[in-house]
Amino acid sequence: MADTLPGPEHVPDGGAPGPDDGTAEALDAYSRIVTTVAAAVTPRVAALQVPRRGRGGWFSTALGSAVVFTDDGFLLTNAHVVGHADAGTLAFADGTTSPFHTIGADPLSDLAVLRADGPTPTPVRLGEATALRVGQLVVAVGNPLGLAGTVTAGVVSALGRSLPARSGSAVRVIDNVIQTDAALNPGNSGGALTTANGKVVGITTAVAGNGLGLAVPIDATSRQIIATLLTDGRIRRAYLGLAGVPTPLPPTLRSRTGQQAGLRIVEVVPGAPADSAGLHEGDLLLTAGGEPMTSARTLQHLMLADAIGRPLALTVLRGTALVDVIAVPTELPSDD
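Residues numbered from 1 in each chain as written. Predicted model: local features only at pLDDT ≥ 70, side-chain atom pairs only at ≥ 80, totals over all residues. Heavy atoms only, no water.

Caption draft 1: Structural context of the overall build of the protein. For the protein, the helix and strand inventory stands at six helices and 20 strands. Across the 336 residues that make up the protein, the buried fraction comes to 43%. Carbon and sulfur atoms provide 55% of the accessible area of the protein, an area that totals close to 16700 Å². (Helix = DSSP H or I, 4+ residues; strand = E, 2+ residues; numbered from the N terminus. Buried < 20%, exposed > 50% of the residue type's maximum accessible area, 1.4 Å probe, protein only. Areas by Shrake-Rupley, 256 points an atom, 1.4 Å probe, with all protein chains shown as cover.)

Caption draft 2: Helix H3 (residues 220-232), seen in detail. The end-to-end C-alpha distance of H3, which contains 13 residues, comes to 18 Å, matching closely the 18 Å that a straight helix rising 1.5 Å per residue would cover. Within the sequence span of H3, burial applies to Ser-222, Ile-225, Ile-226, Thr-228 and Leu-229. When H3 is viewed along its axis, its buried side chains cluster within an angular range of 165° and face the same direction. Opposite the packed face of H3, turned more than 90 degrees from it, sit the exposed residues Ala-220, Gln-224 and Thr-231. Looking at the buried positions of H3, the neighbouring elements they touch are strand E3 (74-77), strand E5 (97-106), strand E6 (111-116) and strand E12 (212-217). Residue Gly-233 follows H3 closely and has a positive phi angle near 80°. (Expected span 1.5 Å × (residues − 1). Arc of directions from axis to C-beta. Contact = heavy atoms within 4.5 Å.)

Caption draft 3: Expanded view of the side chain of Thr-204. Structurally, the position occupied by Thr-204 is in strand E11 (residues 200-209). Accessibility expressed as a relative area gives 1% for Thr-204, which makes it buried. With residues near it in sequence (within four places) discarded, Thr-204 still touches Asn-78, Leu-184, Asn-188, Ser-189, Gly-190, Gly-191, Ala-192, Leu-193, Leu-214 and Ala-215.

Caption draft 4: Examining the sheet that holds E6 more closely. Strand order in the closed barrel formed by six strands is E1-E2-E3-E6-E5-E4, with antiparallel pairing between adjacent strands. Pairwise comparison of adjacent strand axes, ignoring direction, gives a mean angle of 40° for this sheet. As paired strands, E3 and E6 are joined by four bridges and run antiparallel to one another. Bridging from a neighbouring strand, Leu-76 pairs with Val-113 of E6. Here H3 sits on the sheet and contacts E3, E5 and E6; the angle it forms with E6, its principal contact strand, is near 45°. (Pairing = 2+ DSSP bridges. Axes fitted to C-alpha atoms, helices over the stretch in contact; angles between N-to-C directions.)

Caption draft 5: Seen up close, the pattern of salt bridges. This structure, assessed with the given rule, holds five salt bridges. A salt bridge links Glu-128 to Arg-223; the shortest N-O distance between them is 3.9 Å. You can see Glu-128 sitting in the loop between E6 and strand E7 (137-142) and its partner Arg-223 sitting in helix H3, a full 95 residues away along the chain. The exposure class of Glu-128 is partly exposed, given its relative accessible area of 31%. Since its relative accessible area comes to 35%, Arg-223 is described here as partly exposed. It is possible to trace a salt-bridge network through shared partners that takes in Arg-234, Arg-236 and Glu-331. (Salt bridge = Lys/Arg side-chain N within 4 Å of Asp/Glu carboxyl O.)

Caption draft 6: Spatial organisation of the environment of Val-134. With respect to the element layout, Val-134 can be found in the loop between E6 and E7. Along the backbone, Val-134 and Val-156 are 22 residues apart, and their C-alpha atoms lie at a distance of 5.0 Å. If we ignore the near neighbours within four places in the chain, the residues touching Val-134 are Val-156, Ser-157, Ala-158 and Leu-159.

Caption draft 7: Broad picture of the confidence of the model for the protein. Averaged over all residues, the pLDDT of the protein is 87; the fraction at 70 or higher stands at 87%. By mean pLDDT, the top-scoring element of the protein is E3 (98), and the lowest-scoring one is strand E9 (residues 170-180) (80). (pLDDT = per-residue confidence, 0-100.)

Caption draft 8: Representation of the pairing of E5. Sheet topology places strand E4 (residues 87-91) next to E5; five bridges connect them, and they run antiparallel. Note on E5: the bridge partner recorded for Ala-87 is His-101. Between E4 and E5, which pair antiparallel in sequence order, lie five residues; one of them, Gly-95, sits at a positive phi of approximately 95°. Relative to E6, E5 runs antiparallel, the two being bridged by six bridges. Note that in E6 the partner of Asp-106 across the bridge is Leu-111.

Caption draft 9: View of unusual backbone geometry. With a phi angle near 55°, Asp-110 is a residue other than glycine that sits in the positive phi range. Assignment of secondary structure puts Asp-110 in the loop between E5 and E6.

Caption draft 10: Summary view of the environment of Ile-203. Note that Ile-203 resides in strand E11. As for Ile-203 and Ile-178, which are separated by 25 residues in sequence, their C-alpha atoms are 9.4 Å apart. Leaving out residues up to four positions away in the same chain, Ile-203 has contacts with Val-67, Leu-76, Thr-77, Asn-78, Leu-111, Gly-190, Gly-191, Ala-215, Val-216 and Ile-218.

See the structure below:
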């Protein structure tokens, strides 16, 4: 089809040709979604200022964001934003400010719950991250670089990402992290990642650079963590004191068990439950509690509060021999 110039009736004011009607309608629809979400969510996302004591006694201020999620003034943010601070200051887009105090933080999920000591806007609506699809439109609302009420939009770039988190010497993997190309900058951490209907499906947590941002999902796991922080102020986890890497099983063992991989133990903490149970570096952990151990995540999923103090059956391959041991996980010590 030959190119044609638009007639006078199609030329907007100023004389420059504009997009065709279909493109204009699509852009208008996109704009309406983003502006509607921005209007609904921005008033409910606070800018945080958190005092930090550094080495030598000097103080600094960390910046971040937090999302109002209850009618009585509780907010969600990242654990790395509040650190060990008990209190700080929050400010909303309408200029309202209030002190806050920390209810609880969990570095190993990078979630924290705060409570405002003054009035807050009505809460956001929490969604369900498991319903997300790659390519879906998402909107991020936060306070990057201290610029309150900043809105960016993009798509879900990937799902099921993993994000390492650390608490003292303990390292855990946050599962099912959302990856997005919505622009995020320092200060966005703790802000809202929403769908087109304005429901918050993630708490933005990390800026990896090169157009890549990450968010902790709002799902069954994070809801349980949030509920526990609200009631107990902390998350209790079980601890074995070992580190491992996924390793393929020998062919004969694969055919016998149907299991493709195990967890090669590369470190055993002296005096930890794994050490007391007789595990050694080089052992190949096959099962724990009767469940196949194919990655560090499969093991950490067993290390919940109800595993503390309960005997846990472990099977390892040591050389060519299968060895059964019993370990009794202790409570993971706090990094405070």
